[in-house]
Amino acid sequence: MKKAAFVALVGRPSVGKSTLINQICGEKVAIVSAVPQTTRNAIRGIVNREQGQLIFVDTPGRHNSEKKFNKKLMEVSGRAIDESDLVLYVLDASRAPGPEESAVAALLAPLVARTVVAVNKMDAHGADYALAKEFLSRELSGLAEDRCLKISARNNEGIDALLAALYAIAPEGDPLYGEEYYTDQEVDFRIAEVIRGQAINRLRQELPHSLYVEIADMEFIDEHGVRFAASKLPGARSALWVRAFIIVERESQKGMVVGKGGAMIKAIRQAALKDLRLIFDWKIDLDLRVKTGKDWRHNDAALRRIVKL
Ligand SMILES: Nc1nc2c(ncn2[C@@H]2O[C@H](COP(=O)(O)OP(=O)(O)OP(=O)(O)O)[C@@H](O)[C@H]2O)c(=O)[nH]1
Ligand SMILES: [Mg+2]
């Protein structure tokens, strides 16, 4: 019988969970940036090997803060852990573990029998595996020796051994997804994330945290030029037309996203289109605009829509 398991990727912000899920799946499933708390949703990436199917669930980085927005992200992470068979705990070897790392280890301690640890960024300057091991033997003491692996997600090193360790403890089961799938994300979510990724990587200070992307309208255009609502997929789709908004918290932030003479929004749009062409086969036309969603991070209804559980 083959194996099948949900594997939650868990760890502090910026340890490289999303970089890792992308390497494991061989596709850009989740957006990556140097800004902490980039991931806001549980994002699935599917891997099929001879041993069976593993469904990886990328999660928001675990951070200690009482802010409404952070608490929502922690809820997403908590739920993904609860709903998964296995946990892949990711640490950053180039940063000494502090109280926030201890909080993650304490959360995972009761789950140690179904946890595999990846000590990431072994390529980085100052990476210290011995320090990470010492931390783990103290704070995740039940972890078996062969369940802790050195990796570099960025350089694609150590991934096969990591997968082998996960398959070794995965339960038996039938695959949930057909082999042709590597993610189950909706088209509109994926497009919004690609745009957000390109925006985050170009903007500074508080802006990456202050923005989200909303797909306002989406139509497929068939080979005869007939337009269809995105929900009614025509057989042959030759093009996709999308109108999206980058939404910021304050009126004063709009100008920074638009840039001088519109240069910033133009660069975000072009880079997003380049990414989207790699993901989708269709020709994509993107109408990208900026608007204000006042203080959306403090608004329950907005948060429910943006950080879906
Ligand atoms: N040197 C090095 N950098 C890495 C590695 N993996 C990820 N990074 C970098 O670390 C930063 C954060 O990577 P992400 O994959 O977005 O981290 P994350 O854990 O998903 O972060 P959140 O979504 O905010 O929780 C990016 O700048 C990555 O390029 C690695 O193996 N080595
Ligand atoms: Mg991430």
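In short, a report on the structure. Since the structure is predicted, the reported quantities are computational estimates derived from the model, not experimental observations.

### Side note on the coordination of the magnesium ion (ligand 2)
Around the magnesium ion (ligand 2), the protein contributes the donor atoms S18 (OG) and T39 (OG1), at 2.0 to 2.1 Å from the metal centre. With a gap of 21 residues between them, S18 in helix α1 (residues 17-25) and T39 in the loop between α1 and β2 (43-49) connect regions that are remote in the sequence. Using a relative accessible area of 8% as the deciding quantity, one classes S18 as buried.

### Brief notes about the site of ligand 1
Near ligand 1 there are 23 residues, and of these K17, T19, Q37, T39 and D123 occur at the shortest range. A distance of 2.8 Å separates an oxygen atom of ligand 1 from a polar atom in the side chain of K17. One of the side-chain nitrogen or oxygen atoms of S152 is found 3.4 Å away from an oxygen atom of ligand 1. For ligand 1, whose accessible area on its own is 660 Å², the fraction buried by protein is 92%. In terms of residue count, the dominant contributor to the shell around ligand 1 is α1 (3 residues). In terms of residue class, the shell around ligand 1 is built from 8 nonpolar, 11 polar and 4 charged.

### Some points on helix α3 (residues 99-108)
Among the residues of α3, those classed as buried are E100, E101, V104, A105 and L108. With its buried residues spanning 140 degrees around the axis, α3 presents them on a single face. The inward-facing, buried residues of α3 abut β1 (3-10), α2 (68-83), β4 (86-92), β5 (115-120) and α4 (129-139).

### Description of the sheet that holds strand β9 (residues 239-248)
Two modes of strand pairing occur in sheets, parallel and antiparallel, and in both the strands are linked by backbone hydrogen bonds. On the basis of which strands lie adjacent, the open sheet formed by 4 strands has the order β8-β7-β9-β10 and mixed pairing. Two strands close off the open sheet at either side, each with one partner strand: β8 (227-229) and β10 (283-292). Averaged over all pairs of adjacent strands, the angle between their axes in this sheet comes to 25 degrees, without regard to strand direction. Note: β9 against β10, 10 bridges, orientation parallel.

### Concerning unusual backbone geometry
With a phi close to 65 degrees, Q37 is a non-glycine residue in the positive phi region. Tracing the backbone through its elements, the reader meets Q37 in the loop between α1 and β2. Given the relative accessible area of 14%, Q37 is considered buried. Unusually for a residue other than glycine, Q205 sits at a positive phi of about 55 degrees.

Thresholds applied
- Residues numbered from 1 in each chain as written.
- Chains lettered and ligands numbered in written order.
- Predicted model: local features only at pLDDT ≥ 70, side-chain atom pairs only at ≥ 80, totals over all residues.
- Heavy atoms only, no water.
- Donors = N, O, S within 2.8 Å, 3.2 Å for Na, K, Ca; no water.
- Helix = DSSP H or I, 4+ residues; strand = E, 2+ residues; numbered from the N terminus.
- Buried < 20%, exposed > 50% of the residue type's maximum accessible area, 1.4 Å probe, protein only.
- Near = heavy atom within 4 Å.
- Polar contact = N/O pair within 3.5 Å; in protein donor to acceptor, adjacent residues only side chain to side chain.
- Areas by Shrake-Rupley, 256 points an atom, 1.4 Å probe, with all protein chains shown as cover.
- Nonpolar A, V, L, I, M, F, W, Y, C, P; charged D, E, K, R; others polar.
- Arc of directions from axis to C-beta.
- Contact = heavy atoms within 4.5 Å.
- Pairing = 2+ DSSP bridges.
- Axes fitted to C-alpha atoms, helices over the stretch in contact; angles between N-to-C directions.

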